[in-house]
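# Structural overview for review
Single-letter residue listing:
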Amino acid sequence: VSSISTTNASSYSGGFVGYKYKYGNLTITDCIFSGKISSTSSSTSSSATSCSGGFVGRSSGNPTIIGCISSGKISSTSSSTSYSGGFVGTAKNGKVESCVFSGAIKEGKTQGAIVASGSLTVIDTYYLEGSCSSAGGGVMKTAEEMASDEFLAILNQDTVLFEKDIEPMVNN
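First things first, this report covers the structure right here in the doc. Remember, it's a predicted structure, so these values are computed and weren't measured experimentally.

## A few points about the overall build of the protein chain
Within the protein chain, the regular secondary structure consists of 2 helices and 21 strands. Counting every position in the protein chain, which comprises 172 residues, the buried fraction comes to 51%. For the protein chain, the accessible area works out to roughly 7900 Å², and carbon and sulfur atoms hold 45% of it.

Quick look at the structure:
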């Protein structure tokens, strides 16, 4: 994915899913997003909504994201409500586990390095210092910490999900 951009009265953009309606669950495992997500609400209405997420823009269901990396640039604009999250813009429930956000949240009235808005459970998930104004449930790490062997060991506590990068991206 290199670039996703939507403009509508209500706009939802995600690296994998823009809007997941309520029926059934959504599970994403062992994936990487490193593009650009931009969502813009063109309405001037007080109910105008714009949601962007590295993986899911908006979900009425229960998204589960495990063992993933988001290193994209994410923005969301609206005259009323806008959510920008490193993994999820907004969702009612769900889980983000053993993930890393090393991108940048550029715009959004409500921001979160992991989740901008919702009741998601966030477990063993980290974000790069300076990538966003709010943690959104994650634990901040410096670039130096993310490049360390100790951080790689933390990510791979129970299983090997991550390996040291050949080229610099997240952990060196």
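From this point, things continue past the structure.
## Some details on a nonpolar patch on the surface
Together, Tyr 19, Tyr 21 and Tyr 23 give the surface a local cluster of nonpolar side chains, amounting to about 370 Å² of exposed area. Assessed through its relative accessible area of 62%, Tyr 23 is described here as exposed.

## Description of the pattern of salt bridges
In a structure, side chains of opposite charge can pair up when their charged atoms sit close to one another. Going through the model one piece at a time under the given rule, you end up with 1 salt bridge. Of the charged contacts, one joins Lys 95 and Glu 97 as a salt bridge, the two residues approaching to 3.2 Å between their closest N and O atoms. Classification of Lys 95 as partly exposed rests on a relative accessible area of 26%. Residue Glu 97 is classed as partly exposed on the basis of its relative accessible area, which comes to 21%.

## Some words on the nonpolar core
Of all hydrophobic cores here, the largest spans 23 residues; its most connected members are Phe 55, Val 56, Ile 65, Phe 87, Val 88, Val 96 and Phe 101. Among the elements of the structure, strand S4 (26–29) and strand S13 (88–91) are those that each provide at least two residues to this core. Leaving out residues up to four positions away in the same chain, Val 88 has contacts with Ser 52, Gly 53, Val 56, Ile 65, Ile 114, Val 115, Ala 116 and Leu 120. Among the nonpolar cores identified, the runner-up in size contains 6 residues, and Val 100, Met 146, Phe 151 and Leu 155 belong to it.

## Some remarks on the sheet that holds strand S20 (residues 126–128)
Within the open sheet, the 5 strands sit side by side as S5-S10-S15-S20-S21. Their pairing is parallel. Of all the strands in the sheet, just strand S5 (32–33) and strand S21 (139–141) have a single pairing partner and so form its edges. Pairing between S5 and strand S10 (residues 69–70): 2 bridges, direction parallel. Bridge pairing in S10 links Ile 32 to Ile 69.

## Observations regarding the sheet that holds S13
Reading across from one edge, S3-S8-S13-S18 is the order of the 4 strands in this open sheet, with parallel pairing throughout. In this open sheet, the two edge strands, each paired with only one partner strand, are strand S3 (17–20) and strand S18 (115–118). Adjacent strand axes in the sheet meet at a mean angle of 5° when their direction is disregarded. Taken together, the 3 bridges between S3 and strand S8 (residues 56–59) define a ladder with parallel strand orientation. Residue Tyr 19 lies in a different strand from S8, and its bridge partner there is Arg 58.

Definitions and cut-offs
- Residues numbered from 1 in each chain as written.
- Predicted model: local features only at pLDDT ≥ 70, side-chain atom pairs only at ≥ 80, totals over all residues.
- Heavy atoms only, no water.
- Helix = DSSP H or I, 4+ residues; strand = E, 2+ residues; numbered from the N terminus.
- Buried < 20%, exposed > 50% of the residue type's maximum accessible area, 1.4 Å probe, protein only.
- Areas by Shrake-Rupley, 256 points an atom, 1.4 Å probe, with all protein chains shown as cover.
- Patch = residues over 30% accessible without salt bridge, like charges linked within 9 Å, V, L, I, M, F, W, Y side chains within 5 Å.
- Salt bridge = Lys/Arg side-chain N within 4 Å of Asp/Glu carboxyl O.
- Core = buried A, V, L, I, M, F, W, Y, C linked by side-chain atoms within 4.5 Å.
- Contact = heavy atoms within 4.5 Å.
- Pairing = 2+ DSSP bridges.
- Axes fitted to C-alpha atoms, helices over the stretch in contact; angles between N-to-C directions.

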